[in-house]
Amino acid sequence: MGWLNKKPDDQVEQNLIPAVLVSTLNSLDRESIIVNTSGKVLFATEKIQLLNLINEGKISSEELLALVRVVRRTGQTQEGSIEVARGPIGSGKRELQITAALISPDGLVLVIIDDEGEKQRIDAIRRDFITNISHELKTPIQALSLNSDALLEIKNEPERVVAFANKIKLQTTRLNDLVREIINLSKLQDSDPLDMADQVDITDVIKEAINQCEAMAEIRKIEVELGEMSDCAVVGNREQLVMAVHNLVENAINYSADGTHVSVSTRVEDNIVEILVKDQGIGIVEENLDRIFERFYRVDPARSRATGGTGLGLSIVKHVCKNHGGEVKVWSSLGVGSTFAIRLPIVKEKVEQ
Ligand code: ADP
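Below is a summary of the structure that appears in this document. Each chain has its residues counted from 1, running along the sequence as written. Reporting of local features is limited, given that this is a predicted model, to residues whose pLDDT is at least 70; pairs of side-chain atoms are given and counted only at 80 or more, and all residues count toward the totals for whole chains, interfaces and linings. Side-chain metrics in this entry use all non-hydrogen atoms of the structure; hydrogen atoms and water are not considered.

**Brief notes about helix α9 (residues 238–254)**
Helix numbers and strand numbers start at the N terminus; a helix is a DSSP run of H or I with at least 4 residues, a strand a run of E with at least 2. Given a helix with a known number of residues, its expected span is that number minus one, times 1.5 Å. Here α9 spans 24 Å end to end across 17 residues, near enough to the 24 Å set by a 1.5 Å rise per residue. For every residue, the accessible area (1.4 Å probe, protein chains only) is compared with the maximum for its type, and the residue is labelled buried under 20%, exposed over 50%, or partly exposed between those bounds. Where burial is concerned, most of α9 is hidden: 14 out of the 17 residues are buried. Definition of a polar contact: a pair of N or O atoms within 3.5 Å, with one able to donate and the other able to accept a hydrogen when the atoms are protein atoms, and with sequence-neighbouring residues admitted only if both atoms are side-chain atoms. Capping the start of α9, N237 holds a side-chain oxygen 2.9 Å from the backbone nitrogen of E239, two or three residues further along.

See below:
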């Protein structure tokens, strides 16, 4: 279902929009807007709210407004593509194909919006990703192949057989982790969480992510504490958000000494929730702070491998944040610890009664 602006001033103009047009637009699998000469939106399909095109009943995208003006000036249907921010923060963008046409002599313009550009962007990311992973997979597969050949050669020396079998087991586990993370990342690149439009409770997400890391924290005698929490919800995909917080908590444990503390807390400011994961770990030198979010980048590849790292965890976090119209930030001091912050636009803050 779409919505119609309910202000009395707009009522007269709304009567100009035939009911059959409204029901047709609502039945299309594309989003649409009808806008009057003063930029007021008289009709919009429901999902339009997720596209960041309208603010307080008016079109907020300068690019879209410019296109609408050309339609009105020339009377000609216009086609073009525009870029809109995914949220109030972060660099996540969405490319939209627009068709705009004049539908009444009083200057009402119909705008039809298509996500085709977004699909092309996702295809390009996927192609680049495949090149990247084939390189990463080659190394462990080659090692497995060499070790199994060696195993055949020493089959009559039981002690060496055990040592090689253990090596192969470790490499298989690593390969398994890598494939799992690759699948996670490619799923992220294929789907758009804002299309699902579920409201996800942030405290719930954090509790589940911490639960998933409980066994690992226990082995390392690291206490994962739940700090101050702000009850709020965001629009998106719960599974992806749990995965992002899980990756940060897992890293906080992996890159800290036994017996230290990790804390997870949230705070809300200006309709943005900040999920903070703080550790007392090894820290990261400043020049590496940007690079750690790249796919397969590790500060210390040997340490990452030893803890079962794949080099994909933080790029998954970055992706999830970007897809949800947010961002991820990091502060770190070598030998003191790191704080990672996932920042997301909220849909509502629960107020205590
Ligand atoms: P990995 O699977 O290697 O942990 P990530 O993408 O999760 O891959 O992280 C990339 C790199 O960033 C890690 O290899 C590590 O060097 C560094 N890193 C991530 N989180 C932390 C942290 N909490 N403390 C110190 N270094 C970290």
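There's more to say after this.
**Overview of helix α3 (residues 62–74)**
End to end, α3 covers 18 Å across 13 residues, agreeing with the expected 18 Å (1.5 Å per residue, within 8%). For α3, the full list of buried residues reads L64, L65, L67, V68 and V71. One side of α3 holds all its buried residues, which, seen down the axis, span an arc of 160°. Within α3, the exposed residues directed more than 90 degrees away from the buried face are E62 and R73. Buried-residue contacts for α3 involve β2 (31–35), β5 (58–59), β6 (78–85), β7 (93–102) and β8 (109–114). Once α3 finishes, G75 follows within two positions and takes phi at roughly 75°, a positive value. Each C-beta atom gives one direction from the helix axis, and the arc is the one those directions make. Should any heavy atoms of two residues lie within 4.5 Å, those residues are counted as being in contact.

**Overview of the pattern of salt bridges**
A pair can form between side chains of opposite charge whenever their charged atoms are brought close. Only one rule defines a salt bridge in this text: a Lys or Arg side-chain nitrogen within 4 Å of an Asp or Glu carboxyl oxygen. What the rule picks out here adds up to 10 salt bridges. Of the charged contacts in the structure, one is a salt bridge between D204 and R238, with a shortest N-O distance of 3.7 Å. Here R238 lies in helix α9 and D204 lies in helix α7 (residues 202–212), a separation of 34 residues in the sequence. Since its relative accessible area comes to 40%, D204 is described here as partly exposed. Put simply, E294 and R291 hold a salt bridge, and the shortest N to O gap is 3.0 Å.

**Section: the packing of α7 against α9**
Viewed as axis vectors pointing N to C, α7 and α9 meet at an angle of 55°, and their least axial separation amounts to 8 Å. As the angle between them shows, α7 and α9 are arranged oblique. For α7 against α9, the interelement crossing comes out right-handed. The residues of α9 that touch α7, namely those facing D204, V205, I206, E208, A209 and Q212, are R238, L241, V242, V245 and H246. Helix axes use the C-alpha atoms of the stretch in contact, all axes being lines fitted to C-alpha atoms, and the angles between their N-to-C directions lie in the range 0 to 180 degrees. If an angle is under 35 degrees, it is roughly parallel; if it is over 145, roughly antiparallel; if it lies from 65 to 115, roughly perpendicular; otherwise it is oblique. Less than a right angle of anticlockwise turn of the near helix away from the far helix marks a crossing as left-handed, whereas a clockwise turn marks it as right-handed.

**A word on the site of the ligand**
Note on terminology: near, applied to a residue and a molecule or strand, indicates that one of the residue's heavy atoms is within 4 Å of it. Not every one of the 20 residues close to the ligand is listed here, only the nearest: N251, Y255, S304, T310 and L314. N251 is positioned such that a nitrogen or oxygen atom in its side chain is 2.8 Å from an oxygen atom of the ligand. Across the complex, the protein chains shield 97% of the 530 Å² of accessible surface that the ligand would expose by itself. Residue assignment for the shell around the ligand shows that the elements contributing at least two residues are α9, α11 (313–323) and β15 (337–345). Looking at the shell around the ligand, its residues break down into 10 nonpolar, eight polar and two charged. Using a 1.4 Å probe, accessible areas were evaluated by the Shrake-Rupley method; residue-level cover was limited to the displayed protein chains. Any residue that is not Ala, Val, Leu, Ile, Met, Phe, Trp, Tyr, Cys, Pro, Asp, Glu, Lys or Arg is counted as polar, Gly included; the first ten are nonpolar and the last four charged.

**Here's the deal with the pairing of β2**
Here β2 lies mainly inside the structure; five of its five residues are buried. Neither face of β2 is exposed, since E31, I33 and V35 on one face and S32 and I34 on the opposite face are all buried. Of the pairings in the sheet, the one linking β2 to strand β3 (residues 41–44) comprises three bridges and is antiparallel in character. What sits directly across from V35, in β3, is V41. Once β2 ends, the chain turns through five residues before running back antiparallel as β3, passing G39 with a positive phi of about 85°. Here, strands pair whenever DSSP counts at least two bridges between them.

**Brief notes about the nonpolar core**
The criterion is simple. A nonpolar core is a set of buried Ala, Val, Leu, Ile, Met, Phe, Trp, Tyr and Cys residues joined through side-chain atoms within 4.5 Å. One finds I202, V234, V245, V273, V317, F340 and I342 to be the most contacted residues of the largest nonpolar core, which totals 49 residues. Of all the elements, α9 adds the most residues to this core, at nine residues. In contact with V234, not counting residues within four places along its chain, are D198, Q199, V200, I202, L241, V273, L344, P345, I346 and V347. By size, the runner-up hydrophobic cluster in this structure holds 21 residues, among which are I48, L51, L67 and V111.

**Describing the packing of α9 against α11**
With their axes 9 Å apart at the nearest point, α9 and α11 run at an angle of 145° to one another. For the pair α9 and α11, the crossing hand works out as left-handed. Facing Q240, L241, M243, A244, N247, L248 and N251 of α9, the residues of α11 in contact are G313, L314, I316, V317 and V320. Of the residues in the contact of α9 with α11, the class split is eight nonpolar, four polar and no charged.

**Quick notes on the sheet that holds strand β12 (residues 261–269)**
Taking strand neighbours across the sheet as the criterion, the five strands line up as β10-β12-β13-β15-β14 in an open arrangement whose pairing is mixed. What marks the edges here is a single partner per strand, and that holds for β10 (223–226) and β14 (327–333). Neighbour-to-neighbour, the strand axes of the sheet open up by a mean angle of 15°, direction not taken into account.

**A short note on the packing of aromatic side chains**
Between 30 and 60 degrees the pair is tilted, below 30 it is stacked and above 60 it is edge-to-face, where a pair is any two Phe, Tyr or Trp rings, Trp via its six-membered ring, whose centres lie within 6.5 Å. Tallied over the full model, the rule gives one aromatic pair. Our definition puts a charge over a ring when NZ of Lys or CZ of Arg is within 6 Å of the ring centre and also within 35 degrees of the ring normal. The lysine or arginine in question, K167, covers the ring of F164, its NZ or CZ lying 4.9 Å from the ring centre.

**What to know about unusual backbone geometry**
Of note in the backbone geometry, E56 takes a positive phi value of approximately 50° without being a glycine. Turning to its location among the elements, E56 is positioned in the loop between β4 (54–55) and β5. Despite not being glycine, D270 shows a phi value in the positive range, around 50°. Here D270 shows up in the loop between β12 and β13 (272–279).

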